[in-house]
Amino acid sequence: MRYVLVDTDCGVDDALALGYVAHTADIILACVVSTWGNCTAPEAASNAKYILDMAGAIDIPVVAGSPPKDSWRRGDAHGSDGLGDTEQPRPSWTGPRGAAERIVQFARDHAGEAEVLCIGPLTNLAAALTLEPRLPELLSRVVVMAGHGQNRDDWLNEVGDTNTRHNPQATQTVADSALPVVWVGIDVTRAVLLEDGDFGEDTLGGSLRRIHHAYGVQRGGTYGYDPQVLWKVPAHDGVTAACLVDPLRAGLSTVTGRMTVLDDGQGPVLRRVGIGPQEVAECIDSDSIRAMLRSAR
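To start, this report covers the structure provided alongside it.

Cut-offs and rules
- Residues numbered from 1 in each chain as written.
- Predicted model: local features only at pLDDT ≥ 70, side-chain atom pairs only at ≥ 80, totals over all residues.
- Heavy atoms only, no water.
- 1 Å grid on protein atoms, 1.4 Å probe; cavity = no way out; pocket = protein on both sides within 12 Å on 5 of 7 lines; lining within 4 Å.
- Points joined across faces, edges and corners; volume = space filled by probe spheres on them.
- Helix = DSSP H or I, 4+ residues; strand = E, 2+ residues; numbered from the N terminus.
- Buried < 20%, exposed > 50% of the residue type's maximum accessible area, 1.4 Å probe, protein only.
- Contact = heavy atoms within 4.5 Å.
- Salt bridge = Lys/Arg side-chain N within 4 Å of Asp/Glu carboxyl O.
- Arc of directions from axis to C-beta.
- Pairing = 2+ DSSP bridges.
- Disulfide = S-S within 2.5 Å.

### What about the layout of surface pockets?
Then step 1. Space inside the largest pocket adds up to approximately 560 Å³.
Then step 2. If you go around the largest pocket, you meet 30 residues; those closest to its centre are Asn38, Ala77, His78, Thr162 and Tyr215.
Then step 3. At 4 residues, the largest contribution of residues to the lining of the largest pocket is made by helix α7 (residues 162-166).

Encoded structure:
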């Protein structure tokens, strides 16, 4: 069995990723920790607990992270609650806090085999590196949704990688570390577009459909389609989760590289700038990943 911890700012695509990992048979989802990004860390923790409960994973611990930076502003892409304002309000978070400490404890408990999936800003992981300098030795793999790889596409620059933009300093800390990171950027993840038929009819599938539909209708213009005809949603975090769960089936191809946060005036962008010890996703098998994600329905 494999031991995985998920670090999330639980928004629309995070919800699908959580449901998918929770339903993967050969993975023990040991813990979910939350960070601020799409919403606050306590809100993200409540969202994660809500999704896990619907997935039947009621015993998985959820730990909230720290308050956001003073400069943080809530965006509108994921609604006022992170899940598109489509679900019943979740109760305010009263559960455990201390996400960075929980990452360290997880790494120590499963040293040499612990895997981390980061699908939010890297605030918690950067803090965990400070708490435990041996973290690169303890973790076997870290798969991160962030960056643009080598791509210089104008659309990517305009839309941006929000995980990096929320906390570029934390992103650079992780990029400069010896962590065994696989960076999966939005230049790759945007290739998988989910539609109505990709979600099931059970309780979890219905919730995921509502959440994604609200996002797809709102963001249609950004992604270049008419949501009144057919809404679509890029599965950024779901793609990243699939690359952790089964990189071979996902068709993940990587190059080694060194990642650096750059700013050309449109906002911080994480790009591969040369040869380095970490891995950077180059391409995936979109059809295969779409089929993989349907198992979370």
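Following the structure, the description resumes.
### Section: unusual backbone geometry
Then step 1. At Asp85, a residue that is not glycine, the phi angle is positive and equals roughly 60 degrees.
Then step 2. Inspection of the secondary structure puts Asp85 in the loop between β3 (62-63) and α3 (99-109).
Then step 3. By relative accessible area, which is 46% here, Asp85 ends up partly exposed.

### With respect to the side chain of Thr123
Then step 1. Mapped onto the secondary structure, Thr123 falls in helix α4 (residues 123-131).
Then step 2. Since its relative accessible area comes to 13%, Thr123 is described here as buried.
Then step 3. Those residues in contact with Thr123 that sit more than four places away from it in its chain are Thr35, Trp36, Ser66, Asn167 and Ala170.

### Here's the deal with the pattern of salt bridges
Then step 1. For the structure on display, the rule yields 12 salt bridges.
Then step 2. The shortest N-O distance in the salt bridge between Lys49 and Asp53 comes to 3.2 Å. In this pair, Lys49 and Asp53 both sit in helix α2 (residues 41-54), 4 residues apart, roughly one turn of the helix.
Then step 3. Looking at Asp53, the relative accessible area reads 34%, which means it is partly exposed.
Then step 4. Connected through shared salt-bridge partners, Glu195, Asp198, Arg290 and Arg294 make up one network.

### Regarding α3
Then step 1. Buried within α3 are the following residues: Ala99, Ala100, Ile103, Val104, Phe106 and Ala107. Buried residues in α3, looked at end-on, bunch into an arc of 160 degrees, giving them a common side.

### A short note on the environment of Val12
Then step 1. Here Val12 shows up in helix α1 (residues 12-22).
Then step 2. With 72 residues separating them along the chain, Val12 and Gly84 place their C-alpha atoms 7.0 Å apart.

### Here's the deal with the sheet that holds strand β4 (residues 114-118)
Then step 1. Strand order across the open sheet formed by 8 strands is β3-β2-β1-β4-β5-β6-β10-β9, with mixed pairing between neighbours. Each edge of the open sheet is held by one strand with a lone partner, namely β3 and β9 (253-263).
Then step 2. Taken together, the 2 bridges between strand β2 (residues 27-34) and β3 define a ladder with parallel strand orientation. Pairing of Val32 across the sheet is with Val62, part of β3.

### With respect to α1
Then step 1. Buried residues dominate α1, accounting for 10 of its 11 residues.
Then step 2. Taken together, the buried positions of α1 are Val12, Asp13, Asp14, Ala15, Leu16, Ala17, Leu18, Gly19, Tyr20 and Val21.

### Structural notes on the pairing of strand β5 (residues 139-145)
Then step 1. Burial analysis of β5 places 6 of its 7 residues in the buried class, which makes it a mostly covered element.
Then step 2. One ladder, built from 5 bridges, connects β4 with β5; its direction is parallel. Residue pairing in the sheet places Glu115 in a bridge with Arg141 of β5.
Then step 3. Pairing of β5 with strand β6 (residues 181-184) involves 4 bridges; the strand directions are parallel. By the bridge assignment for β6, Met145 is matched with Val184.

### Overview of the state of the cysteines
Then step 1. Evaluated as defined, the whole model comprises 0 disulfides.
Then step 2. Summary of cysteine pairing: Cys39 is not part of a disulfide, and the nearest cysteine sulfur, belonging to Cys10, is at 7.1 Å.
Then step 3. Cysteine Cys243 shares no disulfide, and the gap to the nearest cysteine sulfur, in Cys283, comes to 9.9 Å.

### Focus on the pairing of strand β10 (residues 268-283)
As a general feature of sheets, a regular strand has side chains that alternate between the two faces.
Then step 1. Pairing between β6 and β10: 2 bridges, direction parallel. When the sheet's bridge partners are listed, Trp183 is paired in β10 with Val280.
Then step 2. Note that β9 and β10 share 11 bridges and pair antiparallel. By the bridge assignment for β10, Val255 is matched with Val280.
Then step 3. Hairpin geometry of β9 and β10 is characterised by an intervening segment of 4 residues between the two adjacent antiparallel strands and by a positive phi of about 105 degrees at Gly265.

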